[in-house]
Amino acid sequence: MKKVRVRFAPSPTGPLHIGGVRTALYNYLFAKKHGGDMLLRIEDTDSARFVSGAEAYIVESFKWLGIKIDEGIGANNEGEFGPYRQSERKTIYKKYVEQLLDAGLAYIAFDTPADLEAKRNEIANFQYDASTRSQMKNSLTLSAEEVLQKKGTEPYVVRIKIETGNDIVVNDIIRGEVKINSSVIDDKVLWKSSDQLPTYHLANIVDDHLMEISHVIRGEEWLPSAPLHVLLYQYLGWADQMPKFAHLPLLLKPEGNGKLSKRDGDKLGFPVFPLEWKDPKTADISSGYRESGYFPEAVVNFLALLGWNPGTEQEMFSMDELINSFSLDRVSKSGAKFDYEKGKWFNHNYLQKESNEVLANLFVDELKEKGISIDLSKLATIIGLVKERTSFISDLWEQTSFFFQVPNVYDEKTVRKRWKEETPGLMNELIILLEGIEDFSSQSTEDIIKAWITDKEHNMGAVMNAFRLSVVGAPKGPHMFDIISILGKEETITRVKKAIDTIKV
RNA sequence: GGUCCCUUCGUCUAUCGGUUAGGACGUCUGGUUUUCAUCCAGGAAAGAGGAGUUCGACUCUCCUAGGGACUACCA
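Here is what the cut-offs are and how they apply
- Residues numbered from 1 in each chain as written.
- Chains lettered and ligands numbered in written order.
- Predicted model: local features only at pLDDT ≥ 70, side-chain atom pairs only at ≥ 80, totals over all residues.
- Heavy atoms only, no water.
- Helix = DSSP H or I, 4+ residues; strand = E, 2+ residues; numbered from the N terminus.
- Expected span 1.5 Å × (residues − 1).
- Polar contact = N/O pair within 3.5 Å; in protein donor to acceptor, adjacent residues only side chain to side chain.
- Buried < 20%, exposed > 50% of the residue type's maximum accessible area, 1.4 Å probe, protein only.
- Right-handed = clockwise from strand over helix to strand, strands pointing away.
- Pairing = 2+ DSSP bridges.
- Contact = heavy atoms within 4.5 Å.
- Axes fitted to C-alpha atoms, helices over the stretch in contact; angles between N-to-C directions.
- Near = heavy atom within 4 Å.
- Parallel < 35°, antiparallel > 145°, perpendicular 65-115°, else oblique.
- Left-handed = near helix turned anticlockwise from the far one by under 90°.
- Nonpolar A, V, L, I, M, F, W, Y, C, P; charged D, E, K, R; others polar.
- Phe/Tyr/Trp six-rings, centres within 6.5 Å; stacked < 30°, edge-to-face > 60°.
- Lys NZ or Arg CZ within 6 Å of the ring centre and 35° of its normal.

### Comments concerning helix α17 (residues 460-472)
Move 1: For α17, with 13 residues, the first-to-last C-alpha span of 18 Å sits near the 18 Å given by 1.5 Å per residue.
Move 2: N-cap assignment for α17: the residue whose side-chain oxygen lies 2.8 Å from the backbone N of G461 is N459.
Move 3: Just beyond α17, the residue with positive phi is G473, at close to 90°.

This is how it looks when you write it as structure tokens:
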């Protein structure tokens, strides 16, 4: 059996969006599952839409996500099938264009964009195909001399010549047999003289063949042109070596209609890109999963389950586990709406699995920016107390700020509910008690304070809620005694005193 | 408009002719907790509609409806 070789072949027209990431991921999982190679090829045959920085962005995205490129752009060793940028393969394509032309399977067309536009206006549903090409300006309708003369002076394109009335069958791993009649396919442009470059269709087939791609795994948006690609393999004489196709279901917008696209940017309320992207022309910034605080493992895990499932009830998967379980026949056929809430849940789970030390390292910079310096091991202890209530590193500040800052305001609602006339007196008594405690560990303070409450027949809620309000400033946070053991005796007492002085009944 | 693809809880999905149609996210209720959150337990929630095949259909076939993709000298 042929070695498994798959490719991800983006066009560098901007950042990679999340649907593209999933396509790349499935390619990667499939390749690794079968001991094959994952190639990255850049399809930059549209010079007009090229965006600088896009290629580097794509490479960096994969690096962040843990999708390793074995060959091509972004690989450690590019590999022997290069170059891997289509713009650098001009001479290669030219040869096959000539081959098709010589065999009469393609022809030269001189119709200008304006000509075509006029035709489209004139004839409803105009299509450049067997039924219309005789009315157009091409090597089928012009004399050989005319063609030769025009070729020297006018821009032209090469179009595939499609015969009518043949059923073309695409065997798709996910969808089974898809049959389409050649009559409905138009004579697609294969090559343009203006930039000496092929269009996607030709370049893609030539490269996949030359690079010995075994499986083409791509988005469903390519399904309609798959028959054309099959035809092209036949025309080029490579039918018996044609790769297998798998057309993936699309990632859809959460709100009902349409596929997720680059243009959605931040309009949907969540990132559609793996990494933050700054548009080089407009300087617009689109948010990325990395910058939004996602763990790459969570993004990968979440994305993998959008359109594929293992057939078991397992939901948490490391990359290795995904590779192990992945199979194209468990990819679903229908599009998946992107559920951002579930993405958050995945991140929550990954954050819980992360060690306090690692989280402290990720959080410490944010503290520095706020002018707070703290010992990393102490920070790790604090994070250990609050991490289960967070989903993102960025949630940490909200949960820990009171460890670093004395409360300036006291939550109004709580004041009304928990700070009664007798509270200051109660808190003063508590201060005296606190001052006498020598072992200020969580367990020790808990034992002593609870014993005192019982002894004096105080109301547990009345004491503890006021105590929390004094120290934290709000009715939130972890176990009270854990908090004060970290703050220490002095700081705790200072805060209670301040609360007594500040809060007016 | 044409061609192609798709259709199970709000969402992601399991089911490969016989199930009380299962799980997860979200949601609701209760419990734990001195607070908030977490966590735990429980609940509500689905086979688009119609024909057919079959002893039996969510599962197979057809029609209808709905959704989606494509329809460029873009990928």
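### Some remarks on the pairing of strand β2 (residues 37-40)
Move 1: The two faces of β2 match: D37 and L39 on one face and M38 and L40 on the other face are all buried.
Move 2: Running through helix α1 (residues 18-33), the crossover from strand β1 (residues 5-8) to the neighbouring parallel element β2 is right-handed.
Move 3: The sheet contact formed by β2 and strand β3 (residues 71-72) spans two bridges and is parallel. If you follow L40 over to β3, its bridge partner there is G72.
Move 4: Viewed along the sheet, the connection from β2 through helix α2 (residues 54-65) into β3 turns out right-handed.

### Looking at the pairing of strand β7 (residues 176-181)
Move 1: In the sheet, strand β6 (residues 167-172) pairs with β7 via six bridges, with the strands oriented antiparallel. Of the residues in β7, the one forming a bridge with D172 is G176.
Move 2: As consecutive antiparallel partners, β6 and β7 are separated by three residues.

### Looking at the sheet that holds strand β4 (residues 106-109)
Strand pairing in a sheet takes place through backbone hydrogen bonds and is either antiparallel or parallel in direction.
Move 1: Across the sheet, which stays open at both edges, the four strands sit in the order β4-β5-β8-β9 with antiparallel pairing between neighbours. Only two strands of the sheet have a single partner each, and these edge strands are β4 and β9 (197-198).
Move 2: Here strand β8 (residues 189-192) pairs with β9 via two bridges, running antiparallel. Bridge pairing in β9 links W191 to P198.
Move 3: Across the sheet, helix α3 (residues 90-102) touches β4, β5 (157-160), β8 and β9, and the angle it forms with β4 is around 105°.

### Section: the protein's contact with RNA strand B
Move 1: In the vicinity of RNA strand B lie 61 residues, with T45, R175, E315, R389 and P475 positioned nearest.
Move 2: A distance of 2.4 Å separates a sugar or linking oxygen of RNA strand B from a polar atom in the side chain of E315.
Move 3: Backbone polar atom of K337 to a phosphate oxygen of RNA strand B: 3.0 Å apart, as the coordinates give it.
Move 4: Where the surface near RNA strand B is concerned, the elements lending two or more residues are α4 (113-122), β5, β7, β8, β15 (336-337), α10 (340-353), α17 and α18 (480-487).
Move 5: A total of four residues in the surface near RNA strand B trace back to one element, the largest contributor, which is α10.

### With respect to the packing of helix α8 (residues 296-304) against α10
Move 1: Their axes nearest at 9 Å, the elements α8 and α10 cross at an angle of 135°. One element, α8, and the other, α10, form an angle in the oblique class. Between α8 and α10 lies a crossing of right-handed hand. When α8 is examined against α10, the residues E297, A298, N301 and F302 are found in contact with a partner set consisting of K342, G343, F346, N347 and Y350.
Move 2: For the contact of α8 with α10, a count of residues per class yields four nonpolar, three polar and two charged.

### Let's talk about the side chain of S470
Move 1: Within the secondary structure layout, S470 lies in helix α17.
Move 2: Those residues in contact with S470 that lie beyond four places of it in its chain are P407, Y410, W419, M427, R495, V496 and A499.

### As for the packing of aromatic side chains
Move 1: Tallied over the entire structure, the rule returns 21 aromatic pairs.
Move 2: Centre to centre, the rings of Y26 and F326 are 5.1 Å apart; their planes meet at 55°, and the pair counts as tilted. Here the residue Y26 occupies a position in helix α1, and F326 occupies one in the loop between α9 (319-325) and β15, the gap between them amounting to 300 residues.
Move 3: Centroid distance Y294 to F392: 4.9 Å. Interplanar angle 70°. Geometry classified as edge-to-face. Within this pair, whereas Y294 is found in the loop between β14 (285-286) and α8, its partner F392 is found in the loop between α12 (376-386) and α13 (396-404), the two being separated by 98 residues in sequence. The burial state of Y294 is the same as that of F392; both residues are buried.
Move 4: Counting every residue linked through ring pairs, the aromatic cluster contains F270, Y289, Y294, F302, F338, Y340, W345, F346 and F392.
Move 5: Lying over the aromatic face of F81, R5 brings its terminal NZ or CZ to 4.3 Å of the ring centre.
Move 6: It is K370 that lies over the ring of W397; its NZ or CZ is 4.6 Å from the centre.

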